[in-house]
Amino acid sequence: MLMIGLTGGIGSGKSEVSKRLAAKGAVVIDADKIAREVVEPGTVGLARVSAVFGDGVLRADGSLDREKLGSVVFADSEKLAALNAIVHPLVGERVAELRSQAADDAIVVYDVPLLAENNLASMYDAVIVVDAADEVRIRRLAEHRGMAESDAKARIAAQASREDRLAVADIVVPNEGSLDELDERVAEVWNDLLSRSARG
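Presented here is a report on the structure given in the accompanying data block. Within every chain, residues take consecutive numbers counted from 1 along the sequence as written. At least 70 in pLDDT is required for a residue's local features to be given in this predicted model, at least 80 for side-chain atom pairs to be given and counted, and no such filter applies to totals for whole chains, interfaces and linings, which use all residues. To obtain the side-chain values, all non-hydrogen atoms of the structure were used and water was disregarded.

1. Quick word on helix α6 (residues 134-145)
Secondary structure counts use DSSP, requiring at least four H or I residues in a row for a helix and at least two E residues in a row for a strand, with both numbered from the N terminus. Helix span, expected: 1.5 Å multiplied by one less than the number of residues in the helix. The terminal C-alpha atoms of α6 lie 16 Å apart, and with 12 residues this matches the ideal 16 Å at 1.5 Å per residue to within 8%. Relative accessibility decides the category of a residue: with a 1.4 Å probe and only protein chains considered, values under 20% of the type maximum give buried, values over 50% give exposed, and everything between is partly exposed. When we look at burial in α6, the residues that qualify are Val-136, Arg-137, Ile-138, Arg-140 and Leu-141. The contact criterion used throughout is that any non-hydrogen atoms of two residues lie within 4.5 Å. Looking at the buried residues of α6, the elements they touch are α7 (149-158) and α8 (162-167). Backbone geometry just after α6 places Gly-146 at a positive phi near 65°.

2. Describing the sheet that holds strand β2 (residues 27-30)
As summarised here, the arrangement of the 5 strands in space is β2-β3-β1-β4-β5, forming an open sheet in which the pairing is parallel. Looking at which strands have only one partner, the edges of the open sheet turn out to be β2 and β5 (171-174). Between one strand and the next, the sheet's axes are offset by a mean angle of 25°, whatever the strand orientation. Each pair of strands is called paired provided DSSP finds at least two bridges between the two strands. Note that β2 and strand β3 (residues 107-111) share 4 bridges and pair parallel. If you follow Val-28 over to β3, its bridge partner there is Val-109. Running over the sheet, helix α5 (residues 77-101) touches β1 (2-8), β2 and β3 and is turned about 180° from β2. Helix axes use the C-alpha atoms of the stretch in contact, all axes being lines fitted to C-alpha atoms, and the angles between their N-to-C directions lie in the range 0 to 180 degrees.

3. Remarks on the packing of aromatic side chains
By convention here, two paired aromatic rings are described through the distance between centres and the angle between planes. Whether two aromatic rings pair depends on their centres lying within 6.5 Å, for rings of Phe, Tyr and Trp, where Trp uses its six-membered ring; planes under 30 degrees apart make the pair stacked, over 60 edge-to-face, and the rest tilted. Inspection of every chain in the model, using the stated rule, returns 1 aromatic pair. With centroids separated by 5.5 Å and ring planes inclined at 45°, the aromatic side chains of Tyr-110 and Tyr-124 adopt a geometry described as tilted. Of this pair, Tyr-110 sits in strand β3 while Tyr-124 sits in the loop between β3 and β4 (126-131); the two residues are 14 residues apart in sequence, bridging distant segments of the chain. Per residue, the accessibility class of Tyr-110 equals that of Tyr-124, and both read buried.

4. A closer look at the side chain of Thr-7
If you trace the backbone, Thr-7 turns up in strand β1. Polar contacts, as used here, are pairs of N or O atoms within 3.5 Å; protein pairs need one atom able to donate a hydrogen and one able to accept it. Residues neighboring in sequence count only if both atoms are side-chain atoms. Polar contacts involving the side chain of Thr-7 include one to the main-chain carbonyl oxygen of Pro-113, which spans 3.1 Å. Among residues more than four places away in sequence, those in contact with Thr-7 are Lys-14, Val-112, Pro-113, Leu-114, Leu-115, Val-127, Ile-128, Val-129, Val-130 and Arg-165.

5. Concerning the side chain of Ser-50
In this fold, Ser-50 is placed in helix α3 (residues 44-53). You can call Ser-50 buried: its relative accessible area is 17%. For Ser-50, the contacting residues outside a window of four places in its chain are Asp-55 and Leu-58.

6. Let's talk about the pattern of salt bridges
A pairing counts as a salt bridge when a side-chain nitrogen of Lys or Arg comes within 4 Å of a carboxyl oxygen of Asp or Glu. This model, assessed by the stated rule, comprises 15 salt bridges. Linking Arg-59 and Glu-67 is a salt bridge whose minimum nitrogen-to-oxygen distance equals 3.2 Å. On the accessibility criterion, Arg-59 (38% relative accessible area) is partly exposed. Note that Glu-188 is salt-bridged to Arg-185, the shortest N-O span being 3.0 Å. Linking Glu-188 with Arg-185, this pair stays in helix α9 (residues 179-199), spanning 3 residues, or about one helical turn. Using a relative accessible area of 47% as the deciding quantity, one classes Glu-188 as partly exposed. Here the salt bridges share partners, and the residues they tie into one network are Glu-16, Lys-19, Arg-20 and Asp-183.

7. Describing the pairing of β3
The element β3 is extensively covered by neighbouring structure, given that 5 of its 5 residues are classed as buried. On β3, burial covers both faces: Ile-107, Val-109 and Asp-111 on one face and Val-108 and Tyr-110 on the other are all buried. As paired elements, β1 and β3 share 5 bridges and run parallel to each other. Counted as the bridge partner of Leu-2 is Ile-107 from β3.

Structural measurements only, silent on function.
This is the structure we're talking about:
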């Protein structure tokens, strides 16, 4: 089993690369998506969150109000630690479950936004970094997410620098061009991963 870390700053196009790798046969494990799943209505995770933070963090329909919870935890490091203590083990269990279901010769791609920030590169056989210049990312965030330029710049500034991210890369996917160019680069990357997997 080949364990690949996939990362890239906000607006780099990491999810486009993730989708393309999944289409080629990679088993993609998206930590952010799992973090949302483990606190959906009816889950143990949501029950624990409401027990610790109160029903004020729930919407009328019983789902988690992420914005409200965010405003509570990001202003208080102890509350953030309490939330992480609930969510992280549940995410870890789900990741282990997904990994155990993958074939022995699978190429497992972990979609990890904060890989560079949390010094996680050593956990993987190889790290793929999706890279684009800050101005390209700012323009994309405005066009695709309707984000104000100041917000986009603040989000980018809060993440690892481009240099720090590239420093942990084994494979770089430049993504400043067309989707066709991205398809070509992902095809090259997939062939690289297949040969790494074969060398085992």
